[in-house]
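# Remarks on the overall topology
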Amino acid sequence: MALAIYRRHADWPALLRLLPGVLPGLVLGAWFVDLVDNDTMRVAIAVVLLAMTGLQLRQRLGRAPTDRATAGRPQWPFTLGMGLLAGFATMVANAAGR
């Protein structure tokens, strides 16, 4: 839905690079939601929210890695990992609303 609304502002190359990680992340998230009880789900949502808050603070405080720090390193493991986490977090967060 968000992509339909904000399609003009989307960074399509970045989204396409994340897609191979997002799809398995969504499946992993769906499996996780089906497997765990309410208490575990609450803890998982709290961990996801705290991790996202920490990443946001790190970026805003200027401590995020620079392009120079990652130059020459393969980017696909990072992109795949971030896609996997994004898919998992999306599924778990959306399941919390059910």
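Treat the numbers as computed from the prediction; the structure is a model and nothing was measured.

### Describing the environment of L23
Take L23: it is sitting in helix α2 (residues 12-35). A C-alpha to C-alpha distance of 6.5 Å links L23 and G87, two positions 64 residues apart in sequence.

### Thoughts on the environment of L28
Among the secondary structure elements, L28 is positioned in helix α2. Each C-alpha atom, one on L28 and one on V92, is 9.6 Å from the other, the two residues being 64 residues apart in sequence.

### Some words on the layout of surface pockets
Considered as a void within the structure, the second largest pocket measures approximately 270 Å³ in volume. As for the second largest pocket, its lining consists of A2, L3, W12, L15, L16, L18, L19 and V22. Counting residues per element, the ones that place at least two in the lining of the second largest pocket are α1 (2-5) and α2. Considered class by class, the residues forming the lining of the second largest pocket number eight nonpolar, no polar and no charged.

### Some points on the nonpolar core
The biggest cluster of nonpolar side chains holds seven residues, and these are F32, V33, M41, A44, F88, V92 and A95. If you list the elements that add at least two residues to this core, you get α2, α3 (38-60) and α5 (76-95). When residues in this core are grouped by element, the largest group, three residues, is from α5. In this view, M41 contacts F32, V33, V36, V92 and A95; residues no more than four positions away in its chain are not counted.

### Observations regarding the environment of M52
With respect to the helices and strands, the residue M52 is situated in helix α3. Linking M52 and A89, residues 37 residues apart in sequence, is a C-alpha distance of 9.5 Å.

### Here we look at the side chain of T79
Here T79 is to be found in helix α5. The exposure class assigned to T79 is buried, which follows from its relative accessible area of 17%.

### As for a nonpolar patch on the surface
A contiguous nonpolar patch, built from L28, W31, L35 and L84 and spanning about 400 Å² of accessible area, is present on the exposed surface. The dominant element in the nonpolar patch, judged by the number of residues it contributes, is α2, at three residues. According to the relative accessible area criterion, L28 is partly exposed, its value standing at 38%.

### As for the pattern of salt bridges
One pass over the structure, following the stated rule, counts one salt bridge. For the salt bridge of D39 with R42, the shortest nitrogen-to-oxygen distance reads 3.5 Å. Here the residue D39 and the residue R42 both occupy positions in helix α3, the gap between them amounting to three residues, near one helical turn.

Criteria and thresholds
Along each chain, the written sequence defines residue order, and numbers are assigned to residues from 1. Local features in this predicted model are restricted to residues of pLDDT 70 or higher, and side-chain atom pairs are both shown and tallied only at a pLDDT of 80 or more, whereas totals for entire chains, interfaces and linings draw on every residue. Each side-chain value is derived from all of the structure's non-hydrogen atoms; neither hydrogens nor water enter the calculation. Under the scheme used here, helices are H or I runs from DSSP no shorter than 4 residues and strands are E runs no shorter than 2 residues, and both carry numbers assigned from the N terminus. Of the grid points, spaced at 1 Å and generated over the protein atoms alone, those admitting a 1.4 Å probe that cannot get out make up cavities, while open sets with protein on both sides within 12 Å along at least five of seven lines make up pockets; any residue with an atom within 4 Å of a point is treated as lining. Grid points are joined across faces, edges and corners, and a volume is the space filled by probe spheres set on the points. Residue type decides the class: Asp, Glu, Lys and Arg count as charged, Ala, Val, Leu, Ile, Met, Phe, Trp, Tyr, Cys and Pro as nonpolar, and the leftover types, Gly among them, as polar. Throughout this description, the term nonpolar core refers to a set of buried Ala, Val, Leu, Ile, Met, Phe, Trp, Tyr and Cys residues connected via side-chain atoms within 4.5 Å. The buried label goes to any residue with under 20% of its type's maximum accessible area, the exposed label to any with over 50%, and the partly exposed label to all in between, with areas taken from a 1.4 Å probe on protein chains only. Contact definition: two residues touch when any of their heavy atoms are within 4.5 Å. Exposure above 30% relative accessible area and the absence of a salt bridge qualify a residue for a patch, where like charges join within 9 Å and nonpolar side chains (Val, Leu, Ile, Met, Phe, Trp, Tyr) within 5 Å. Computed with a 1.4 Å probe, the accessible areas rest on the Shrake-Rupley method; for each residue, only the protein chains presented here act as cover. Basic side-chain nitrogens of Lys or Arg form a salt bridge, by our definition, when they fall within 4 Å of a carboxyl oxygen of Asp or Glu.

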